[in-house]
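# Residue-level structure breakdown
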Amino acid sequence: PLPPHRVDPLLLLLIGIVVVIGGIVWLKLNAFVALLAGAIAVSVLTPTGHIERHALAQGATPAVAATQAQETLGVKIARRFGNTAAQLGLLIAMASIVGACLLASGGAERIVRSALSFFGEMRAPLVFWISGFLLGIPIFFDTVFLLLIPLVRAMTLRTRKNFLLYVLCASAGATMSHSLVPPTPGPLFVASALKVDLGLMMVGGLLLGLCSSAAGIAYAWWANRRWPKEMTAAQDESPSAPSFVFTARPDADLPPLWLALLPIFVPVVLISGLAIARNSAGGASLASALNVVGHPNIALAIAAVIALATLVWKQKGDRSVMRTQVQSALGDAGMIILVTGGGGIFGGVLQETGV
């Protein structure tokens, strides 16, 4: 029989959280370093009996469970980081390239301008919501926010009201899609940890994201009436604010709307289409056709190729721009992969405590 529990798993969880949060907030450590420190602290303090019980609960044989309990700290960290990076690394890298190219080619601007043109100024909150939601799928939230803020400020100068409403609508759309819809890193990690099919995660994330962000819009209207917020004008803003643009680019320099939307919808359609075909009666032939292109890594790679081709086209064949954007995107993706891998290590050692 295994020895009785000597360390409360909840105490181990508390120690891990204190190390991670304390490292980030008080010591100002990089999130990856803080997660790694928390994982090491929890792993060192976790008795081997806890690890064996966890392995047996996962269906391992007693011999395998005993081997896992004796695994060295270095091997454990490397294995868990490698598993997480293998599942998510390429997806994060491709999604980062798509986002960077959408920004550099003007595709993101085209989406917002087209939405504003279609819905009109009177429905500006809806425009910010839809634009934020669409752009939050392939682009990191902070970038989407900084992208939309100039338009929010210009619209506020035009209407002389609703600054808080516009900001909250943009935030509600981008926050929910970025939190719930792959290929952003958070939903990717959740799908991997819970072993949820990525296509179904996309469909469910889209539906839940639309509902939750709609609740955010309702709150935005209420908050805007309760706490009306005046915008402080920046030094370079004209009171007349003649147009709603992010840059001085004319419309002719931006890609068409269908091409701007293509890198966003292609992976969603391919990945979710494969998942739906696999889980529906009579969908075997469609699943067979989508079996290659519907794999998340391939679908995101196709989206990245489309985004890169659009960027080269709008830059009139200047490939140096493509190289610069790819290098920048992969730099950002590298840090996200490290942090996500650190989360995989930390989550793995917490599971072994039996918490």
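Predicted, not measured: the structure shown is a model, and the values here were computed from it.

Before going further, it helps to examine the overall build of the protein chain. Counting secondary structure elements, the protein chain contains 15 helices and 0 strands. If you line up the protein chain on its principal axes, its C-alpha atoms span 75 × 50 × 45 Å. Counting only residues that meet the buried cut, the protein chain has 46% of its 355 residues in that class. A separation threshold of at least 6 residues defines the contact pool for the protein chain, and within that pool the share at least 24 residues apart is 77%. Carbon and sulfur atoms form 68% of the exposed surface of the protein chain, whose accessible area is close to 17400 Å². In the protein chain, 23 positive and 15 negative side-chain charges are present, and the distance between their average locations comes to 3 Å.

Further remarks concern the packing of aromatic side chains. Considering all chains together, one arrives at 6 aromatic pairs under this definition. On the numbers, 5.0 Å between centres and 90° between planes, the contact of phenylalanine 118 with phenylalanine 119 is edge-to-face. Residue classification places phenylalanine 118 among the exposed positions, given a relative accessible area of 68%. Centre to centre, the rings of tyrosine 219 and tryptophan 222 are 5.8 Å apart; their planes meet at 40°, and the pair counts as tilted. In this pair, tyrosine 219 and tryptophan 222 both sit in helix H11 (residues 198-226), 3 residues apart, roughly one turn of the helix. What makes tyrosine 219 partly exposed here is its relative accessible area of 44%. Among the aromatic residues, those joined into a ring-pair cluster are Tyr219, Trp222 and Trp227. Taking the ring centre of tryptophan 313 as reference, the NZ or CZ of lysine 314 above it sits at 4.3 Å.

Interpretation of this model should avoid reading the predicted coordinates in detail wherever pLDDT is low. Looking at the protein chain, pLDDT values average 85 and 94% of them are 70 or higher. Low pLDDT, under 50, characterises residues 235-246; the stretch is placed with 27 contacts to residues that sit more than four places away or in other chains.

For the rest of this paragraph, the subject is the pattern of salt bridges. With the rule as written, the count across this model stands at 5 salt bridges. As a salt-bridge pair, glutamate 109 and arginine 113 come within 3.2 Å of each other at their nearest N and O atoms. Here the residue glutamate 109 and the residue arginine 113 both occupy positions in helix H6 (residues 107-119), the gap between them amounting to 4 residues, near one helical turn. The same class applies to glutamate 109 and to arginine 113, which are both buried. Taking the shortest distance from any N to any O, the salt bridge between aspartate 251 and arginine 113 comes out at 2.6 Å.

Turning to the state of the cysteines, a few remarks are in order. Here the structure, examined in full by the defined rule, presents 0 disulfides. Not part of a disulfide, cysteine 211 finds its nearest cysteine sulfur in cysteine 169, a span of 16 Å.

It is worth spelling out the packing of helix H5 (residues 73-105) against helix H10 (residues 185-193) at this point. It is the contact of H5 with H10, at a shortest axis distance of 10 Å, that shows an interaxial angle of 150°. Taken as axis vectors, H5 and H10 run roughly antiparallel relative to one another. Considering only the axes of H5 and H10, their crossing is right-handed. Here Thr84, Gln87, Leu88, Leu91 and Ile92 of H5 come into contact with H10, specifically with Pro185, Leu188, Phe189 and Ser192. Partitioning the contact of H5 with H10 into residue classes produces 6 nonpolar, 3 polar and no charged.

With that out of the way, let us pick up the packing of helix H7 (residues 124-135) against helix H9 (residues 163-180). Orientation of H7 relative to H9, taken along the N-to-C sense of each, is 25°, at an axis distance of 7 Å. Our classification of the angle between H7 and H9 gives roughly parallel. Where H7 crosses over H9, the two elements pack in a sense that is right-handed. Facing Ala124, Pro125, Phe128, Trp129, Gly132 and Phe133 of H7, the residues of H9 in contact are Leu165, Tyr166, Cys169, Ala170, Gly173, Ala174 and Ser177. The residue makeup of the contact of H7 with H9, split by class, is 10 nonpolar, 3 polar and no charged.

Conventions we followed
- Residues numbered from 1 in each chain as written.
- Predicted model: local features only at pLDDT ≥ 70, side-chain atom pairs only at ≥ 80, totals over all residues.
- Heavy atoms only, no water.
- Helix = DSSP H or I, 4+ residues; strand = E, 2+ residues; numbered from the N terminus.
- Buried < 20%, exposed > 50% of the residue type's maximum accessible area, 1.4 Å probe, protein only.
- Contact = heavy atoms within 4.5 Å.
- Areas by Shrake-Rupley, 256 points an atom, 1.4 Å probe, with all protein chains shown as cover.
- Lys, Arg positive; Asp, Glu negative; His and termini not counted.
- Charge placed at Lys NZ, Arg CZ, Asp CG, Glu CD.
- Phe/Tyr/Trp six-rings, centres within 6.5 Å; stacked < 30°, edge-to-face > 60°.
- Lys NZ or Arg CZ within 6 Å of the ring centre and 35° of its normal.
- pLDDT = per-residue confidence, 0-100.
- Salt bridge = Lys/Arg side-chain N within 4 Å of Asp/Glu carboxyl O.
- Disulfide = S-S within 2.5 Å.
- Axes fitted to C-alpha atoms, helices over the stretch in contact; angles between N-to-C directions.
- Parallel < 35°, antiparallel > 145°, perpendicular 65-115°, else oblique.
- Left-handed = near helix turned anticlockwise from the far one by under 90°.
- Nonpolar A, V, L, I, M, F, W, Y, C, P; charged D, E, K, R; others polar.

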